[in-house]
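Structure at a glance
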Amino acid sequence: LEQLDVVEREITDVRVGASGRLLIPLAEVRKKVVRELEAAPDRLDEARFYVGGLRRLLAGPSRFLLLGANNAEMRGGAGMPLSAGVVTIQNGDIAFGEFVQLSGLRLGEPPVRYPDSWKRTYSRWRFGRSYLETAVSPNFAVTGPMYRAMAPAAGFGEVDGVLEVDAVALRSLLSVIGPVELDGVTYDEDNVEQQVLNENYLRFATIEGDRADRVELQSALAKRIFEAFKEREVPVAKLALALQEAATGRHLIAHSSDPAVQTLWESIGADGSLNPFGLMVVAQNVAANKLDWYIRPKVTLNVLKALGGSWKARLTVTIENPEVERTSPQVDGTYRGLTNGTHRAMVAAYLPQAAYDISSPDREISEGGPDPPLHMIAARFEIPRGATERVSFEFSLPENWPGALILPSGRAAPVEYDINGVTVTDAVPTPVFWQDDDGGNDNPGAPAVAAVLSLAGALAVLGGVRSRLRLAAQRPLRPVPELVLRAPRF
């Protein structure tokens, strides 16, 4: 903060000079310098806003509720928050409280606020009474403040914010910090996900007898990683990049009651908010098992021009519950008679803000409705071990809506999308376009969509995608004949 004052004094004393007639290249450079100097005070005030928030965070005392998201049991856009503890930051030091299991925690009526539309969209879920059920929505801009409001009733006391991290975020940390050892096992960036999300559930096999030992081990591992972080010389720039990488894939999500700190989270994409151009597919675990480590959903999205110029889309999600060599009661679960590794999923699609005529041609819709700024539609079904199941959703988009932003679902293994024959994943926010052959960029909506997607910080990896590509093998969409498309103009 003191150095920002020094910079401002130096800038105030700058005199550009050269006010006479100049050659055009030099005149343009002078204009740029003058504009930068005129903008500097506002930019310095913005920097003070960020630095002040960061100082308050680090000087503290700041109390954050740390949620341990488990990618072996998925929720909306992240792993299931199965454990939690309070992290206290004071004078730059980090202290961990005891972690507790959240699966059996049920609250009364905590003071939580959420959109009125959720009462219809998520009518089967108890928001504010259970951390696990509140996590059904991936909209962390709403659920983050709810988690914070729930903390006192859950026994954590008042907190200044919420941090949600998963095993992928631990991998990102270990890539910078280096390996750590605990109870004779070395954890590094190559094995920490396997150990935390799968091996521990095979090693501590029983649901009742071994659960406490497994929770204690995972709690001790988290503390050991952060102890190593404090003890070792960690390159700050590499650490920042690792954390930003985790945040981009929704493996580190954060909320703060301090506006400056919250803006910092937003600036690195860690706030978990949803984009109105977004499209996200989440296969949520409603079987109380740890089979999501093995499950790899695949998404096929076909988008074609419809009569009248709008876009008609069919989204098909394929889920295989594979045979496994090793298993345990912890992995298979014991939910309501789902024996022999049968999985039960709630497959939810979060569709762009402009989507309409939303339906499913092959499944009964279990829940759905607005989750602003997106629309949610979901179906529940069981998948026996060794079997494959599918669900399709259909929707339409206006003519001036030539693309979408694929949003990460937070799985340990990114979901693969086949979009009109082109393959991408949801590892990071990824813009996709389905503009037709002779439409080019003349579509009036294209610049607006492209601008929003650029602001989202994603790479335009699919700039050359066209709509006349391979259709889905399952219940293919029929393209409208070219003659019919051109008839109204003719």
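I will try to describe carefully the structure that is included in this document. Source: prediction; values computed, not measured.

**Details of the pattern of salt bridges**
Side chains carrying opposite charge are able to pair once their charged atoms draw close together. Within this structure, the stated rule accounts for 22 salt bridges. Between glutamate 227 and arginine 224 there is a salt bridge, and its shortest N-O distance comes to 3.8 Å. In this pair, glutamate 227 and arginine 224 are both assigned in helix 8 (residues 211–231), 3 residues apart and thus about one turn of the helix distant. Its salt-bridge partner being glutamate 389, residue arginine 363 comes within 2.7 Å of it at the nearest N-O pair.

**A closer look at the sheet that holds strand 15 (residues 374–383)**
If you trace the 6 strands from one edge of the open sheet to the other, you get 14-15-12-9-17-20, paired in mixed fashion. Bordering the open sheet on either side are strand 14 (367–371) and strand 20 (430–433), each of which pairs with just one other strand. Sheet twist, expressed as the average angle between the axes of neighbouring strands with direction ignored, equals 25°. Where strand 9 (residues 278–285) and strand 12 (residues 343–351) come together, 6 bridges link them in antiparallel fashion. Paired with alanine 283 across the strands is valine 347, a residue of strand 12.

**Considerations on empty space enclosed by the protein**
Summed over the entire model, instances satisfying the criterion amount to 1 cavity of 30 Å³ or more. In this structure, the largest cavity encloses a volume near 60 Å³. What lines the largest cavity is a set of 14 residues, and nearest its centre among them are Gly76, Ser137, Phe140, Tyr147 and Glu164. Elements with a minimum of two residues in the lining of the largest cavity: strand 2 (78–90) and helix 5 (140–150). Residue classes in the lining of the largest cavity are distributed as 7 nonpolar, 4 polar and 3 charged.

**Notes on unusual backbone geometry**
What is expected of a backbone is that most residues other than glycine have negative phi and most peptide bonds are trans. The amide bond that connects glycine 60 to the next residue, proline 61, takes the cis arrangement and shows omega of 0°. Mapped onto the elements, proline 61 comes out in the loop between helix 2 (24–59) and strand 1 (62–75). Of note, the amide linkage connecting proline 372 to proline 373 takes the cis form, showing an omega dihedral of 10°. Not every positive phi belongs to a glycine, and asparagine 91 is a case in point at roughly 50°. Mapped onto the elements of the fold, asparagine 91 is located in the loop between strand 2 and strand 3 (93–96). Located in the positive-phi region is aspartate 357, a residue other than glycine, with phi close to 50°. Aspartate 357 gets classed as exposed once you look at its relative accessible area, which sits at 53%.

What counts, and at which threshold
- Residues numbered from 1 in each chain as written.
- Predicted model: local features only at pLDDT ≥ 70, side-chain atom pairs only at ≥ 80, totals over all residues.
- Heavy atoms only, no water.
- Salt bridge = Lys/Arg side-chain N within 4 Å of Asp/Glu carboxyl O.
- Helix = DSSP H or I, 4+ residues; strand = E, 2+ residues; numbered from the N terminus.
- Pairing = 2+ DSSP bridges.
- Axes fitted to C-alpha atoms, helices over the stretch in contact; angles between N-to-C directions.
- 1 Å grid on protein atoms, 1.4 Å probe; cavity = no way out; pocket = protein on both sides within 12 Å on 5 of 7 lines; lining within 4 Å.
- Points joined across faces, edges and corners; volume = space filled by probe spheres on them.
- Nonpolar A, V, L, I, M, F, W, Y, C, P; charged D, E, K, R; others polar.
- Buried < 20%, exposed > 50% of the residue type's maximum accessible area, 1.4 Å probe, protein only.

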